[in-house]
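# Fold and geometry: a report
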Amino acid sequence: SQQGEEDPQALSIQEGENATMNCSYKTSINNLQWYRQNSGRGLVHLILIRSNEREKHSGRLRVTLDTSKKSSSLLITASRAADTASYFCALRLNSGNTPLVFGKGTRLSVIA
Amino acid sequence: DAGVTQSPTHLIKTRGQQVTLRCSPKSGHDTVSWYQQALGQGPQFIFQYYEEEERQRGNFPDRFSGHQFPNYSSELNVNALLLGDSALYLCASSSPRAGGLETQYFGPGTRLLVL
């Protein structure tokens, strides 16, 4: 399968704690993207990391990519109740306009 | 600046019927992709339209077809509906000129229930 696989499937933490979710994949990629989805609605793009990058930051988000291990992690620091959502990694296998390949996601619950 | 819009928001159909879903891309975007998301799953790519032609297609049967209009809006048509077609249908837009094709902007989706 070319899709990414997120781990864990579900995660429950207290507000203020950090949340870490992982994505593993089996094929080579051009880039990897993380998306958030609230309550079965549309997806919101969070961050994109290219295959030649190792780490990127955006606000409270930190993404790492290890192409040798074919894995990525998304860290959300100082989580808030509003971070409660499903998080998906999406693989772009080739450059250009190739479609995104999504995993099944991690359901994050942040308890106030 | 309007984002990606989709209509209708919800739809109930019976097996064997046909359905048409609509999508208007984000302003300045000319490429529209459609995804199907079953409950508890990630989105799966159906097809992509650019310059009014289907450019790429995922592993979906011919019952799924689409169209793109000169104003870049798009329709997804599903014929002979099956119970398994019940899902959230997401439209995403992008553009090689408006910041590249790498980031896709998603609409809120149309939730289709087939009874």
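Structural data are supplied above this passage.
Cut-off values and rules
Residues numbered from 1 in each chain as written. Chains lettered and ligands numbered in written order. Predicted model: local features only at pLDDT ≥ 70, side-chain atom pairs only at ≥ 80, totals over all residues. Heavy atoms only, no water. Helix = DSSP H or I, 4+ residues; strand = E, 2+ residues; numbered from the N terminus. Rg over C-alpha atoms; globule rule 2.2 N^0.38 Å. Buried < 20%, exposed > 50% of the residue type's maximum accessible area, 1.4 Å probe, protein only. Contact = heavy atoms within 4.5 Å. Areas by Shrake-Rupley, 256 points an atom, 1.4 Å probe, with all protein chains shown as cover. Lys, Arg positive; Asp, Glu negative; His and termini not counted. Charge placed at Lys NZ, Arg CZ, Asp CG, Glu CD. Salt bridge = Lys/Arg side-chain N within 4 Å of Asp/Glu carboxyl O. Polar contact = N/O pair within 3.5 Å; in protein donor to acceptor, adjacent residues only side chain to side chain. Nonpolar A, V, L, I, M, F, W, Y, C, P; charged D, E, K, R; others polar. Pairing = 2+ DSSP bridges. Axes fitted to C-alpha atoms, helices over the stretch in contact; angles between N-to-C directions.

## Some thoughts on the overall build of chain B
- Per the secondary structure count, chain B includes 0 helices and 11 strands.
- Walking chain B from its N terminus toward its C terminus, one meets helices and strands in the order β-β-β-β-β-β-β-β-β-β-β.
- Against the compact-globule benchmark of 13 Å for 115 residues, chain B has a radius of gyration of 13 Å, which places it among compact chains.
- The dimensions of chain B, computed from C-alpha atoms along their principal axes, are 40 × 25 × 25 Å.
- The buried share among the 115 residues of chain B stands at 46%.
- Look at the contacts in chain B between residues 6 or more apart in sequence, and 53% of them connect residues 24 or more apart.
- Only carbon and sulfur atoms are counted for the fraction: they give 50% of the accessible area of chain B, which is about 5400 Å².
- If you average the places of the 9 positive and of the 10 negative side-chain charges in chain B, the two averages end up 10 Å apart.

## Considering the interface of chain A and chain B
- Listed by partner, the interface residues are 22 residues for chain A and 21 residues for chain B.
- Linking chain A with chain B are 0 salt bridges.
- Our enumeration of links across chain A and chain B arrives at 3 residue pairs in polar contact (both at pLDDT 80 or more).
- Contributions of two or more residues to the side of chain A that touches chain B are made by β4 (31–37), β5 (43–50), β9 (85–92) and β10 (100–102) of chain A.
- Partitioning the side of chain A that touches chain B into residue classes produces 7 nonpolar, 11 polar and 4 charged.

## Description of the sheet that holds strand β8 (residues 74–78) of chain B
Residues and elements named next belong to chain B.
- Sheet architecture is open: 4 strands sit in the order β1-β3-β8-β7, paired in antiparallel fashion. With one partner strand each, in any of the chains shown, β1 (5–7) and β7 (64–68) form the two edges of the open sheet. On average, each strand axis in the sheet is tilted by 20 degrees relative to the strand beside it, whichever way the strands run.
- Both strand β3 (residues 19–24) and β8 contribute to a ladder of 5 bridges, which runs antiparallel. Within the sheet, the bridge partner assigned to Cys23 lies in β8 and is Ser74.

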